[in-house]
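# Notes for the structure review
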Amino acid sequence: MKKICKELLDTSVYLLVVLALTYLVITFVGQRTEVSGSSMESTLSHQDNLIVDKITYRFSDPKRFDIIVFPFQYAEDTYYIKRIIGLPGETVQIDVAGNIYIDGSLLEETYGREVMESPGRAYEEITLAEDEYFVLGDNRNSSSDSRDPSVGNIHRRDIIGRAWIRIWPLNKFGILKHQ
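What comes next concerns the included structure.

Thresholds, definitions, all that
Residues numbered from 1 in each chain as written. Predicted model: local features only at pLDDT ≥ 70, side-chain atom pairs only at ≥ 80, totals over all residues. Heavy atoms only, no water. Helix = DSSP H or I, 4+ residues; strand = E, 2+ residues; numbered from the N terminus. Rg over C-alpha atoms; globule rule 2.2 N^0.38 Å. Buried < 20%, exposed > 50% of the residue type's maximum accessible area, 1.4 Å probe, protein only. Contact = heavy atoms within 4.5 Å. Pairing = 2+ DSSP bridges. Salt bridge = Lys/Arg side-chain N within 4 Å of Asp/Glu carboxyl O. Phe/Tyr/Trp six-rings, centres within 6.5 Å; stacked < 30°, edge-to-face > 60°. Core = buried A, V, L, I, M, F, W, Y, C linked by side-chain atoms within 4.5 Å.

## Description of the overall build of the chain
- When you go through the chain residue by residue, the secondary structure sums to one helix and twelve strands.
- Its C-alpha atoms give the chain a radius of gyration of 20 Å, clearly above 16 Å, the size a compact globule of 179 residues would have.
- Counting over 179 residues, the chain shows a buried share of 40%.
- In the chain, of all internal contacts separated by at least 6 residues, the share reaching a separation of at least 24 is 62%.

So, in structure tokens, the structure goes:
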């Protein structure tokens, strides 16, 4: 009887440790997320599974072109994956030809899948606060992003983490290119 009690206690302690470590990793280090939709094509595809790095931004600030994950403010348990284009304190504007300007200078970037058809709310200059980021999907014409008032500028505190590794499908497995 003592042997059975000891085994039950050992197993219980082991399970508690595993659960506690799992909770800590998911909360503070990384978590799995699945891409839903085509707004980040051709970088990320529908049903790609990613590991989100939640620790990097505890020690450094997000950078231009980082792919980040943040919650959509109008739907519970809905998260967006977008690319950072504008950084805190910058002014962003998009002209009718789809060109992106940061502080009046044309942004050289190769992530947009095609020419943007609509500048959205960025047709006028948007000046970002010291804790705000302007994000766009790579598939610009099929993306709900900072051009849309329902998404708007993303506050630093709302950024969950940086898309880090694609784990599924296996033929695309690898670390994601940000810069």
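## Notes on the pairing of strand E5 (residues 91-94)
- Where E5 meets strand E8 (residues 126-127), two bridges bridge the pair, whose relative direction is antiparallel. Paired with Thr91 across the bridge in E8 is Thr127.

## Here we look at the pattern of salt bridges
- Taken as a whole, this structure holds seven salt bridges when the rule is applied.
- Measuring nitrogen to oxygen at the nearest pair gives 2.6 Å for the salt bridge that ties Arg166 to Asp48. Note that Arg166 is positioned in strand E11 (residues 161-168) and Asp48 in the loop between strand E1 (30-34) and strand E2 (49-53), a separation of 118 residues in sequence.
- Taking relative accessible area as the criterion, Arg166 reaches 11% and is therefore assigned buried.
- According to the relative accessible area criterion, Asp48 is buried, its value standing at 2%.

## Re the packing of aromatic side chains
- Applying the stated criterion across every chain yields a total of two aromatic pairs.
- Their ring planes at 70° and their centres at 5.9 Å tell us that Phe70 and Tyr80 sit as a pair that is edge-to-face. Highlighted residues: Phe70 in strand E3 (residues 67-71) and Tyr80 in strand E4 (residues 79-86), separated in sequence by ten residues.
- Overall, Tyr80 belongs to the buried group, its relative accessible area being 17%.
- With centroids separated by 4.8 Å and ring planes inclined at 15°, the aromatic side chains of Phe72 and Tyr80 adopt a geometry described as stacked.
- Put simply, the rings of Phe70, Phe72 and Tyr80 pair up and form one aromatic cluster.

## Examining the pairing of E2
- Taking burial as the measure, the five residues of E2 include four buried ones, the bulk of the element.
- Note that E2 and E11 share five bridges and pair antiparallel. Counterpart to Asp53 in the pairing with E11 is Arg162.

## Points about the environment of Arg156
- With respect to the secondary-structure elements, Arg156 resides in the loop between strand E10 (154-155) and E11.
- Here the alpha-carbon distance between Arg156 and Tyr133, two residues 23 residues apart in the chain, equals 7.3 Å.
- Setting aside residues up to four positions removed in sequence, Arg156 forms contacts with Tyr57, Ser60, Asp61, Pro62, Asp131 and Tyr133.

## Examining the nonpolar core
- With 14 residues, the main nonpolar core has Ile85, Ile94, Ile100, Ile102, Leu107, Phe134 and Leu136 as its most contacted residues.
- Counting only elements with at least two residues in this core, the list comes to E5, strand E6 (100-102) and strand E9 (132-136).
- Once residues lying within four places of it in the same chain are set aside, the contact partners of Leu136 are Met40, Lys82, Arg83, Ile85, Ile100, Met116, Asp145 and Arg147.
- Counting twelve residues, the second-largest nonpolar core is a separate cluster that includes Ile68, Tyr133, Val135 and Val151.

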